[in-house]
Amino acid sequence: MMTRAAILRTVGATRPYADSRPLSIETVTLDPPGRDEVLVAIKAAGLCHSDLSVINGDRPRPLPMALGHEAAGVVEALGDGVTDLAIGDHVVMVFMPSCGHCNPCAEGRPALCEPGAAANGKGELLGGGQRMHIHGHSAMDTMDRSDIPAEIIHHHLGCSAFAEHAVVSRRSLVKIDPALPFEQAALFGCAVLTGVGAVVNTAGVRAGQSAVVVGLGGVGLASVLGALASGASPVVAVDLSEDKLALARSLGAVQTVNAADADAVEQVRALTHGGADYVFEMAGSVRALDSAWRMTRRGGTTVTAGLPPPDAALAVNVVSLVAEERTLKGSYIGTCVPARDIPRYVALFREGRLPVDRLMTGRVALDDINAAFDRLADGQAVRTVVTFDA
């Protein structure tokens, strides 16, 4: 079948993206789903800093690539072997497929699936290869060129959700209640899964423990929601944007500190009586991670889910690590078990304890996606969602 998708062909485009248009909206051929695969009609897809980091070159990926990894949609066709989904089911995409057989999967840690990570790194689906192509067309124009071999389009994290349709592994999908609006459902596939999961799964925050979140993008604000739902106290939010700090305060009993203040670390330590039990770095910045480390108390835990460029490194005082029994932990996709966690988080949302809808700051059409990435890069948006006809 033919579908439209946002394709990235080169990285490092100049700003503003509304002018340089790093993402081109192209018509591509989508293969039918193979064994253990599903064709999904995308209804909503969120813009995330993980997408932006591919566009600006911070996260190298094979090109050309159809971007997008946080989405919800409707099942339109099933490949052989898919027996637990039906046409018409509503699903959320998960950007790390899990094979169910490797050592991490066997240990109950599907977020660390080894074949899934290998497939994502190569821009392939879990079953191998790509399902998106441009047949008989030049990469430089739109004229029919029957003598030119099909151009392969790589998958972004097994999803490629900035498209009208996508073929994905069954292992990349979680079925959801059809009553949940698509634009809200999409956020559960990345922002909520990662941010809330870092608090409840990776850290295991308990009621009464102090929690600080550094970096208030969609994932960071989801961490604030997770800390509040867990009964953490106090909850402190740190960011450079006064607008985002105000949004954090509006979510509940949250104290805020502007990261630009020269004494930001000291302010946080004062608010948490000498340092927080848990500090979550969600900015994807080594400088922010260093601040988070210094905001953490003796015996406390610093958790990072931010993804800076691959060559970024953090200098840690080993004496402090040992003598203060400090813990520094990474968190990928919120240490999630998607089939378990997404329904739980949706239930909390419906109970009013996880107001994920407050993270949405706009909706755009696929054709307007480049300008939307400008707003994300400028810190003017938390979660903008590309919506398709329902």
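Model, not experiment: these values are computed from the prediction. (Residues numbered from 1 in each chain as written. Predicted model: local features only at pLDDT ≥ 70, side-chain atom pairs only at ≥ 80, totals over all residues. Heavy atoms only, no water.)

Focus on the overall build of the protein
- Counting its secondary structure elements, the protein contains 13 helices and 18 strands.
- Relative to the globule expectation of 21 Å for 390 residues, the C-alpha radius of gyration of the protein, 21 Å, shows essentially globular dimensions.
- Referenced to the eigenvectors of the C-alpha coordinate spread, the extents of the protein come out at roughly 70 × 45 × 40 Å.
- A total of 390 residues make up the protein; the buried ones form 54% of that total.
- As displayed, the protein has an accessible area near 15,700 Å², and 51% of this comes from carbon and sulfur atoms. (Helix = DSSP H or I, 4+ residues; strand = E, 2+ residues; numbered from the N terminus. Rg over C-alpha atoms; globule rule 2.2 N^0.38 Å. Buried < 20%, exposed > 50% of the residue type's maximum accessible area, 1.4 Å probe, protein only. Areas by Shrake-Rupley, 256 points an atom, 1.4 Å probe, with all protein chains shown as cover.)

Some points on the sheet that holds strand β15 (residues 296–304)
- Reading across from one edge, β13-β12-β11-β14-β15-β16 is the order of the six strands in this open sheet, with parallel pairing throughout. The open sheet has two edge strands, β13 (254–258) and β16 (327–330), and neither has a second partner. Strand after strand, the sheet turns through a mean of 20° between neighbouring axes, direction not considered.
- As judged from the four bridges shared by β15 and β16, these two strands associate in the parallel manner. Opposite Thr301, over in β16, you have Thr327 as the bridge partner.
- Of the strands in this sheet, β12 (235–239) and β13 touch helix α8 (residues 242–250), which is tilted by about 170° from β13. (Pairing = 2+ DSSP bridges. Axes fitted to C-alpha atoms, helices over the stretch in contact; angles between N-to-C directions. Contact = heavy atoms within 4.5 Å.)

Observations concerning the environment of Phe280
- Looking at the element boundaries, Phe280 is found in strand β14 (residues 276–281).
- By relative accessible area, which is 0% here, Phe280 ends up buried.
- In contact with Phe280, not counting residues within four places along its chain, are Ala198, Val199, Ala203, Val205, Ala211, Val212, Val213, Val214 and Val303.

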